[in-house]
Amino acid sequence: MPNIQTLHLRTRELMPGFVVSVVVAAAACFLSEHYGAPVMLFALLLGMALNFLSNDGKCKAGIEFTARTVLRIGIALLGMRITLGQITALGWQPVVMVITLVAVTISTSVFAAKALGFNKFFGMLTGGATAICGASAALALSAALPNHPQKEKATLFTVIGVSALSTLAMIVYPMIARGLELSPLASGVFLGATIHDVAQVVGAGYSMSTETGDTATVVKLMRVAMLLPVIVCAAMITRMQGADDGTGQRPPLLPMFAVGFLLLACINSTGWVPPIIQGGLNELSRWCLIIAISALGMKTQLKELASVGMKPILLMIGESIFLVVLVLALMKLWL
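Sequence order as written defines the numbering, with residues in each chain counted from 1. A pLDDT threshold of at least 70 governs which residues receive local features in this predicted model, and a stricter bar of 80 or more applies before side-chain atom pairs are shown or counted, although totals over entire chains, interfaces and linings include all residues. No hydrogens and no water enter the side-chain calculation; it runs on all heavy atoms of the structure.

Per an unreviewed UniProt entry, the protein goes by the name Putative sulfate exporter family transporter and belongs to Acinetobacter piscicola. UniProt positions are given in the numbering used here, feature names are shortened, and annotations may be inferred rather than shown by experiment. We quote the UniProt Sequence similarities (unreviewed entry) comment for the protein here in full: "Belongs to the UPF0324 family." As its UniProt record puts it under Subcellular location (unreviewed entry), the protein is described as follows: "Cell membrane".

Q: I'd like a description of the pattern of salt bridges, backed by residues and values.
A: Each reported salt bridge corresponds to a side-chain nitrogen of Lys or Arg within 4 Å of a carboxyl oxygen of Asp or Glu. Under the criterion given, the structure shown has 3 salt bridges. Where Arg10 meets Glu13, a salt bridge forms, and the shortest distance between an N and an O atom there is 2.9 Å. Residue Arg10 and its partner Glu13 are located together in helix 1 (residues 2–35), separated by 3 residues, close to a single helical turn. Residue burial is assigned from relative accessible area. The probe radius is 1.4 Å, only protein chains are included, and a residue is buried under 20% of its type maximum, exposed over 50%, and partly exposed in between. Residue Arg10 is classed as partly exposed on the basis of its relative accessible area of 40%. For Lys299, the salt bridge goes to Glu64, with nearest N and O atoms at 3.0 Å. Secondary structure counts use DSSP, requiring at least four H or I residues in a row for a helix and at least two E residues in a row for a strand, with both numbered from the N terminus.

Q: Tell me about the UniProt feature "transmembrane region" (unreviewed entry) in the protein, residues and numbers included.
A: Per the UniProt record, the feature "transmembrane region" (unreviewed entry) sits at residues 14–31, 37–53, 90–113, 125–144, 156–176, 221–240, 252–272 and 314–334. Helix makes up 92% of residues 90–113 and strand 0%. Its end C-alpha atoms lie 34 Å apart. Across residues 314–334, helical content stands at 100% and strand content at 0%; the span's end C-alpha atoms are separated by 30 Å.

Q: Could you give me a rundown of the confidence of the model for the protein, with the residues and numbers involved?
A: Scored from 0 to 100, pLDDT records how confident the predictor is in each individual residue. Per-chain confidence: the protein averages 84 in pLDDT, with 91% of residues scoring 70 or above. Helix 9 (residues 184–194) holds the highest mean pLDDT among the elements of the protein, 92, whereas helix 15 (residues 302–306) holds the lowest, 63.

Q: An account of the side chain of Thr194 is needed here, citing residue identities and associated values.
A: Relative to the helices and strands, Thr194 resides in helix 9. For Thr194, a relative accessible area of 1% gives the class buried. Within 3.5 Å is the distance limit for a polar contact, defined as a pair of N or O atoms, with the added protein rule that one can donate a hydrogen and the other accept it, and that residues adjacent in sequence qualify only through two side-chain atoms. At 2.6 Å, the side chain of Thr194 forms a polar contact with the backbone oxygen of Phe190. Setting aside residues up to four positions removed in sequence, Thr194 forms contacts with Tyr173, Arg223, Leu323, Val324 and Val327. Whether two residues are in contact is decided by their heavy atoms, any of which lying within 4.5 Å being enough.

Q: Could you give an account of the packing of helix 8 (residues 151–179) against helix 9, with specific residues and numbers?
A: Lines fitted to the C-alpha atoms define the axes, with helices restricted to the stretch that makes contact. Angles between their N-to-C directions range from 0 to 180 degrees. Two elements in contact, helix 8 and helix 9, have axes whose closest approach is 10 Å; the angle formed by their N-to-C orientations is 150 degrees. Judged on the interaxial angle alone, helix 9 and helix 8 are roughly antiparallel. Classified by chirality, the crossing of helix 9 by helix 8 is right-handed. From helix 8, Tyr173, Pro174, Ile176 and Ala177 reach across to helix 9, where they touch Ser187, Phe190, Leu191 and Thr194. Oblique is the label for any angle not covered by the other classes, which are roughly parallel (under 35 degrees), roughly antiparallel (over 145) and roughly perpendicular (65 to 115). Two helices crossing with the near one rotated counterclockwise from the far one by less than a right angle form a left-handed crossing, whereas a clockwise rotation gives a right-handed crossing.

Q: Before we move on, can you summarise the environment of Leu77 with the specific residues and values?
A: Along the chain, the position of Leu77 falls in helix 3 (residues 60–77). A relative accessible area of 10% places Leu77 in the buried class. For the pair Leu77 and Val110, spaced 33 residues apart in the sequence, the C-alpha separation amounts to 28 Å. Beyond its immediate stretch of four places on either side in the chain, Leu77 contacts Leu264, Leu281, Asn282, Leu284 and Ser285.

Q: Outline helix 7 (residues 135–144), supporting the account with residue identities and numerical values.
A: Most of helix 7 is tucked away, with 10 of its 10 residues classed as buried. Ala135, Ser136, Ala137, Ala138, Leu139, Ala140, Leu141, Ser142, Ala143 and Ala144 are the residues of helix 7 that are buried.

Q: Quick rundown of the state of the cysteines? Include the residues and the values.
A: In what follows, a disulfide is any cysteine sulfur pair within 2.5 Å. The full count for this structure, using the stated rule, is 0 disulfides. This cysteine, Cys29, is not joined by any disulfide, and Cys288 carries the nearest cysteine sulfur, 12 Å off. Cys266 forms no disulfide, and the closest cysteine sulfur to it belongs to Cys133, at a distance of 17 Å. Assessed through its relative accessible area of 44%, Cys266 is described here as partly exposed.

Q: Run through the nonpolar core, naming residues and quoting values.
A: Counting residues in hydrophobic clusters, the biggest one holds 92 residues, and the most contacted among them are Leu101, Val102, Ile132, Leu227 and Ile293. Apart from the residues within four sequence positions on either side, Leu227 is in contact with Ile75, Leu78, Ile132, Ala137, Ala140 and Phe261. Within this scheme, the nonpolar core is defined by two criteria: the residues are buried Ala, Val, Leu, Ile, Met, Phe, Trp, Tyr or Cys, and they are joined through side-chain atoms within 4.5 Å.

Q: Residue-level account of helix 9, with values.
A: Among the 11 residues of helix 9, 9 are classified as buried, and the element is accordingly described as predominantly covered. Of all the residues in helix 9, the buried ones are Ala186, Ser187, Gly188, Val189, Phe190, Leu191, Gly192, Ala193 and Thr194. Summarising the contacts, the buried residues of helix 9 are in contact with helix 5 (92–115), helix 8, helix 10 (198–208), helix 11 (210–225) and helix 16 (311–334).

Pasting the structure below:
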């Protein structure tokens, strides 16, 4: 009975902040559907407009819960987007190319960040977002990296930057593919390997042809699959440097949300999951991430992001250009 009462009190404590986050997420989805901008960007901006709620006693606990726990649930559910069959269908060359571009892009981003005077974890955050799957990767890596005073601001800046660049890429990169006279298959590999977010990859690919869209989607899912090993590497680096998770304990080598991601990817690979359940879990993952980013937006202020200066912007633009050049070079070598 005391446990039920405790659960009831905890639910009452968390509900106001969670409900506000859901309302902001719903508003962001409405605006995204009607105006075409990335939903993550709308969720962030609307959340920041309501940042005063994170200081409110009634909403604070729920916003903290949503920004942390709901985020991890959404990341774990991303595993339902991937099957081993999708990854092996295109042969070994695209698989090797994706592994190479992720490793090289993140490593280069870390060195570039240090050269510009930033913490190397910021380079890992922006590099991972650019190389893997945009805003989702930024949120996942942020959850795996050690806590520090600038962590949330760095995460939100990365999400805003990668969302804006991904939207621009969706427009510009198909023009590059046509200008280079790439085949439908090569165009799909190029778009899937360079555009940041899954939605923009789908939009850009199918705007060219069905074959290009199908190929781009599969290559993009290969990049999403790289999220797990990158999270493990981030956790290993954190442990080796003796950083803690904010509770005075060393973070786990494989965070629970990463375990969930792996398990769901394995289950999805069996082919036993009905399409309606798979689609429902993918949609739930999408909503969890939008709701969580709304809560993260409420925990920061726009003036804080405006104070970052030009260097982080140039870093992210440079990472995107580097990724395009690297992918074209690897395609010429292997495809």
